[in-house]
Amino acid sequence: MNVLVTGGAGYIGSHTVRALLAQGHEVTVLDNLSRGHRDAVPAEAALCIADIRNVELVQRLLTERRIEGILHFAAHSCVGESMENPTVYYDNNVVGSWSLLEAGRRAAVPYFVFSSTAAVYGETDITPITEDVPYKPINVYGQTKLMIECMLKQFERAYGLKYAALRYFNAAGAMPDGSCGEDHEPETHLIPLILQTALGLRDHISIYGTNYPTADGTCIRDYIHVVDLADAHCRVLQYLADGGKLRAFNLGSQRGFSVREMIEAARKVTGREFTVIEASRRPGDPAVLVASSERIREATRWQPQYSDPETIMIHALRWYETHPRGYEDR
Ligand code: UDP
């Protein structure tokens, strides 16, 4: 299939581009490189450096390249930033997605796979979280993703678009050979910060809260390997092409690990000791977030291969050892 990957120079997008290419798809990447990296895009994919908000340009690109499926990753995704500067998130995420949907409508693109997030559920005591848990996003980032899911529903109802929203839990890891990985500036995610500390690139890792109602007092999250996420996107695209009717899927491993357990996994994999500081809670962090991903497993036979803490750490470590300064193109 001819597919367009927006945000294909970003973390999850660039891994999905590789998975699509490996399956024989023709891939065009659309990225404005505001946060993505040119070097994350493999040579086998065509790269168009432009903004998704340029409806005319995107419509032309879709028509010229005879695109049948759009995988939409391009978005800002920092929770703290979304609260400090919401207008940027409404513009880039909501207006950007509307522009892309409109270009897709005009170019009659039939399939759309959307990068959504577990943040649409907000704080919940329900575990594991199924797709039917009520939506109560507690930050602007999660709100923008939910607004886009609403737009998708209306584009299907009115114009017949076939779409799926994939709600990621905690994306982690890197290509098994370390050739592609996570490069955010600034980095705020747990696993990159732990490994950068273990490698001596930072002097300590802080644990945000040790008095949560969990076995060891630290937050529990569902870490899902980015290569498993990429595989899920390919399967869902095929699912839509085969006439699949479900519209939202959780992507998680269905197993939760605490912050302390992840630190322990990093100690084991790196064989290094490093400084851990017990700090206060980070506002807005629920105690436990674990997915039920039964729905996508049943619908597409998706089965995560790499989503255990040690494998995630081994692959991410390979990336940081070979790319201590990331893609170095900023
Ligand atoms: N966390 C932490 N120290 C850090 C960064 C994160 O203890 O320096 C915790 C955070 O409170 C959360 C978990 O690690 O419980 C995962 O956080 P991350 O930012 O990686 O992802 P999020 O769950 O916010 O999407």
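Residues numbered from 1 in each chain as written. Predicted model: local features only at pLDDT ≥ 70, side-chain atom pairs only at ≥ 80, totals over all residues. Heavy atoms only, no water.

S.K.: Sorry, what's going on with the sheet that holds strand β11 (residues 248-251) here?
M.R.: Strand pairing in a sheet is mediated by backbone hydrogen bonds. Such pairs are either parallel or antiparallel. Strand order across the open sheet formed by seven strands is β3-β2-β1-β4-β5-β6-β11, with parallel pairing between neighbours. Each edge of the sheet is formed by a strand with only one pairing partner; in this case those strands are β3 (46-49) and β11. On average, each strand axis in the sheet is tilted by 20° relative to the strand beside it, whichever way the strands run. Taken together, the four bridges between strand β4 (residues 69-72) and strand β5 (residues 111-117) define a ladder with parallel strand orientation. Paired with G69 across the two strands is Y111, which belongs to β5. (Pairing = 2+ DSSP bridges. Helix = DSSP H or I, 4+ residues; strand = E, 2+ residues; numbered from the N terminus. Axes fitted to C-alpha atoms, helices over the stretch in contact; angles between N-to-C directions.)

S.K.: Can you help me understand the pattern of salt bridges in this one?
M.R.: Summed over the entire model, instances satisfying the criterion amount to 17 salt bridges. E131 is the partner of R295 in a salt bridge, and the nearest nitrogen-oxygen pair spans 3.9 Å. Here R295 is found in helix α9 (residues 294-300), whereas its partner E131 is found in the loop between β5 and α5 (140-159), with 164 residues between them in sequence. Assessed through its relative accessible area of 6%, E131 is described here as buried. For E156, the salt bridge goes to R247, with nearest N and O atoms at 2.7 Å. A residue pair is termed long-range when its members are at least 10 positions apart, and E156 in helix α5 and R247 in the loop between α7 (226-241) and β11 qualify at 91 residues. Take E156: its relative accessible area is 21%, and that puts it in the partly exposed class. Given the relative accessible area of 14%, R247 is considered buried. Ionic contacts of the salt-bridge type, sharing partners, join the residues E56, E102, R105 and R106 into one network. (Salt bridge = Lys/Arg side-chain N within 4 Å of Asp/Glu carboxyl O. Buried < 20%, exposed > 50% of the residue type's maximum accessible area, 1.4 Å probe, protein only.)

S.K.: I tried to follow the site of the ligand on my own but got confused; where do I start?
M.R.: In the vicinity of the ligand, 15 residues are found, and the nearest of them are L190, S206, Y208, R282 and D285. In this structure, L190 approaches the ligand through a main-chain N or O atom, which is 2.8 Å from an oxygen atom. In the environment of the ligand, an oxygen atom lies 3.0 Å from a nitrogen or oxygen atom belonging to the side chain of R221. Relative to its unbound accessible area of 510 Å², the ligand is 87% covered by the protein chains. Counting residues per element, the shell around the ligand draws most heavily on strand β8 (residues 205-208), which supplies four residues. In the shell around the ligand, the residues fall into eight nonpolar, four polar and three charged. (Near = heavy atom within 4 Å. Polar contact = N/O pair within 3.5 Å; in protein donor to acceptor, adjacent residues only side chain to side chain. Areas by Shrake-Rupley, 256 points an atom, 1.4 Å probe, with all protein chains shown as cover. Nonpolar A, V, L, I, M, F, W, Y, C, P; charged D, E, K, R; others polar.)

S.K.: Help me understand the packing of aromatic side chains in this model?
M.R.: For any pair of aromatic rings, geometry is given as the distance between the ring centres together with the angle between the planes. For the structure shown, the criterion picks out four aromatic pairs. Geometrically, the ring pair formed by F155 and Y159 is edge-to-face, given 5.0 Å between the ring centres and 70° between the ring planes. Of this pair, F155 and Y159 are both found in helix α5, four residues apart, which corresponds to roughly one turn of the helix. On the numbers, 4.9 Å between centres and 50° between planes, the contact of W319 with Y327 is tilted. The pair W319 / Y327 is uniform in exposure class, with both members buried. In this structure, R247 packs its charged tip against the face of Y163, placed 5.6 Å from the ring centre. One cation-aromatic arrangement involves R281 over Y212; the distance from NZ or CZ to the ring centre is 3.9 Å. (Phe/Tyr/Trp six-rings, centres within 6.5 Å; stacked < 30°, edge-to-face > 60°. Lys NZ or Arg CZ within 6 Å of the ring centre and 35° of its normal.)

S.K.: What is the right way to read the sheet that holds strand β12 (residues 257-258) from this model?
M.R.: Pairing within the open sheet is mixed, and its three strands lie in the order β12-β9-β14. Here the strands that pair on one side only, and so sit at the sheet edges, are β12 and β14 (288-289).

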